[in-house]
Amino acid sequence: MTVMPADLTGIDVRAEIERLRKERNAVILAHYYQKPELQDLADFVGDSLELSRKAADTDAEVIAFCGVKFMADTAKILSPDKIVVLPDLDAGCSLEDSCPPDKFRAFREAHPDHIALTYINCSTEVKALSDVIVTSSSAETILQQIPRDQKIIFGPDRHLGGYLSRKFDREMLLWPGVCIVHEAFSETELLKLRAQHPNAPIAAHPECPPHIVDHADYVGSTSGILQYANTMPGDTLIVATEPHIIHQMQLTMPNKTFIGAPGADGNCNCNICPYMALNNLEKLYLALRDLQPRIEIEEGLRLAAKKSLDRMLGMASGTIGLGDLGAR
């Protein structure tokens, strides 16, 4: 974890970030779930893999990834010659935590006739143990290319895997991981909110459990939800994903109303990702100043993980960041 200095009084943090961005030849990335102030100063805002690919295509020497660790790891996998820093190394992911590499390896060995489709929200080690990585925007396209008689392990998100299994009538062995953010949405409170806004569609991320997804008019990745918000009928949308995505919606569609789906307490505050929230402007400044915390991956492990990412890009590169899960 980044150790904060006792006092940053007198330092114009935003101005220093701009200075260091130029001095370090750095590109700043921010996921849609980051705080608005980080989204606003980023060079690119988007989904995790989409951001890593954009950074790889730049001539930047440093990537500052405002997101969580598996995202910064992915950026390093795709850009091994660039320095990759994460503002707070404790910014993890409940899905990654749910799938320890040693247990995943044992699970795979117990089912040797299965291939592993693995959601990108996992560690580098689990990526190296997988056959094909998927994102929420590429999962459908990839699944439809796998023969129906091929047995599949899907992990670590059982809700995304379950959604795909139901939609395509494909039996899969599901790893029992969940996203703590999307797990927190309340069906009872969502239905109360829909009763208050009967004409407002609901857009949900497929990491949500079935009792939320089943009420959605649109199911898709964060990029897909943004696109749906732009093209949907009407001017009000209920959004069932991490609420910081609403910042981008308000910037690009100021004449529409966006309402975060509620948790059990009736508001969306409990659905803010605690890991994403660890990053802030001060930590970004320190990361650019000190080039720490820095992401390092052993080369053999990086290449093994890159194979599963490359397979995904080969099978569905056109879908990355496009949200192809679509309307139900």
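Going by the structure above, here's the rest.
Everything quoted here is computed from the prediction, not taken from an experiment.

K.L.:
Teacher, can you tell me more about the overall build of the chain here?
P.N.:
When helices and strands are counted, the chain shows 16 helices and 12 strands. Relative to a compact globule of 328 residues, whose C-alpha radius of gyration would be 20 Å, the chain shows 19 Å and is just as compact. A burial count over the chain gives 57% of its 328 residues as buried. Taken as a whole, the chain presents about 13,300 Å² of accessible surface, with 50% of it coming from carbon and sulfur. One finds the centroid of the 32 positive side-chain charges in the chain at a distance of 3 Å from the centroid of its 45 negative side-chain charges.

K.L.:
Even after reading the chapter, I still don't get the environment of A30, so can you show me in this structure?
P.N.:
With respect to the element layout, A30 can be found in strand β1 (residues 26–31). Looking at A30, the relative accessible area reads 0%, which means it is buried. Put simply, A30 and A42 are 12 residues apart on the chain and 5.8 Å apart in space, counted from C-alpha to C-alpha. If we skip the residues at most four places from it in the chain, A30 touches L38, Q39, A42, F44, V45, G46, L51 and C66.

K.L.:
Before we go on, may I ask you to explain the packing of aromatic side chains in this structure?
P.N.:
Centre distance and the angle of the planes are the two values used to describe a pair of aromatic rings. If you walk through the whole model with that rule in mind, you get 3 aromatic pairs. Consider the rings of F107 and W175, whose centres lie 5.4 Å apart with planes at 80°: the pair is edge-to-face. Here F107 is found in helix α6 (residues 101–110), whereas its partner W175 is found in the loop between β8 (173–174) and α10 (180–183), with 68 residues between them in sequence. Look at F107 and you get partly exposed, because its relative accessible area is 22%. The exposure class of W175 is buried, given its relative accessible area of 8%.

K.L.:
What is the right way to read the sheet that holds strand β2 (residues 44–46) from this model?
P.N.:
Pairing between the strands of a sheet comes from backbone hydrogen bonds, and it takes one of two forms, parallel or antiparallel. Pairing in this open sheet of 4 strands is parallel, and the strands run β2-β1-β3-β4 from one edge to the other. The sheet terminates laterally at β2 and β4 (83–85), the two strands that pair on one side only. Neighbour-to-neighbour, the strand axes of the sheet open up by a mean angle of 20°, direction not taken into account. Running over the sheet, helix α4 (residues 69–78) touches β1, β3 (62–66) and β4 and is turned about 155° from β3.

K.L.:
How should I be thinking about the sheet that holds strand β5 (residues 114–119) in this particular structure?
P.N.:
The strand order β6-β5-β7-β8 describes an open sheet built from 4 strands, whose pairing is parallel. Every interior strand has two partners, whereas the edge strands, β6 (132–134) and β8, have only one. Taken together, the 5 bridges between β5 and strand β7 (residues 151–155) define a ladder with parallel strand orientation. By the bridge assignment for β7, T118 is matched with G155. Sitting on the sheet, α6 touches β5, β7 and β8, and the angle it makes with β5 is about 150°.

K.L.:
Is there a simple way to explain the nonpolar core in this structure?
P.N.:
Where a protein is soluble and globular, its nonpolar side chains tend to be buried together. Core analysis: the biggest nonpolar cluster contains 87 residues, and L164, L237, M249 and F258 have the highest contact counts within it. The leading source of residues in this core is α4, at 6 residues. Excluding residues within four positions of it along the chain, M249 makes contact with I225, L226, A229, L237, V239, P254 and F258. Counting 21 residues, the second-largest nonpolar core is a separate cluster that includes L20, A42, L286 and L288.

K.L.:
What's the story with the pairing of β1 in this structure? I'm lost.
P.N.:
Most of β1 sits out of view: 6 of its 6 residues are buried. Going residue by residue along β1, you find A26, I28 and A30 tucked away on one face and V27, L29 and H31 tucked away on the opposite face as well. Across 5 bridges, β1 lies against β3 in parallel orientation. By the bridge assignment for β3, V27 is matched with I63. Taken together, the 3 bridges between β1 and β2 define a ladder with parallel strand orientation. Its bridge partner being in β2, L29 is matched across the sheet by F44. A crossover connection joins β1 to the parallel β2 through helix α2 (residues 36–41); in handedness this β-α-β unit is right-handed.

K.L.:
It is not clear to me how the packing of α4 against helix α16 (residues 299–316) should be interpreted in this structure. Could you clarify?
P.N.:
Packed helices, taken two at a time, are described by their axes: the angle between them and the distance between them. It is the contact of α4 with α16, at a shortest axis distance of 9 Å, that shows an interaxial angle of 95°. What the angle tells us is that α4 and α16 run roughly perpendicular. Of the residues in α16, those touching α4 at T74, K76, I77 and L78 are R302, A305, K306 and L309. Taken together, the residues that form the contact of α4 with α16 break down as 4 nonpolar, 1 polar and 3 charged.

K.L.:
Where do I start with the pattern of salt bridges in this structure?
P.N.:
A pair can form between side chains of opposite charge whenever their charged atoms are brought close. Summed over the entire model, instances satisfying the criterion amount to 16 salt bridges. Each of the salt bridges in this network shares a partner with another, and the network as a whole consists of E16, R19 and E23.

The rules behind each value
- Residues numbered from 1 in each chain as written.
- Predicted model: local features only at pLDDT ≥ 70, side-chain atom pairs only at ≥ 80, totals over all residues.
- Heavy atoms only, no water.
- Helix = DSSP H or I, 4+ residues; strand = E, 2+ residues; numbered from the N terminus.
- Rg over C-alpha atoms; globule rule 2.2 N^0.38 Å.
- Buried < 20%, exposed > 50% of the residue type's maximum accessible area, 1.4 Å probe, protein only.
- Areas by Shrake-Rupley, 256 points an atom, 1.4 Å probe, with all protein chains shown as cover.
- Lys, Arg positive; Asp, Glu negative; His and termini not counted.
- Charge placed at Lys NZ, Arg CZ, Asp CG, Glu CD.
- Contact = heavy atoms within 4.5 Å.
- Phe/Tyr/Trp six-rings, centres within 6.5 Å; stacked < 30°, edge-to-face > 60°.
- Pairing = 2+ DSSP bridges.
- Axes fitted to C-alpha atoms, helices over the stretch in contact; angles between N-to-C directions.
- Core = buried A, V, L, I, M, F, W, Y, C linked by side-chain atoms within 4.5 Å.
- Right-handed = clockwise from strand over helix to strand, strands pointing away.
- Parallel < 35°, antiparallel > 145°, perpendicular 65-115°, else oblique.
- Nonpolar A, V, L, I, M, F, W, Y, C, P; charged D, E, K, R; others polar.
- Salt bridge = Lys/Arg side-chain N within 4 Å of Asp/Glu carboxyl O.

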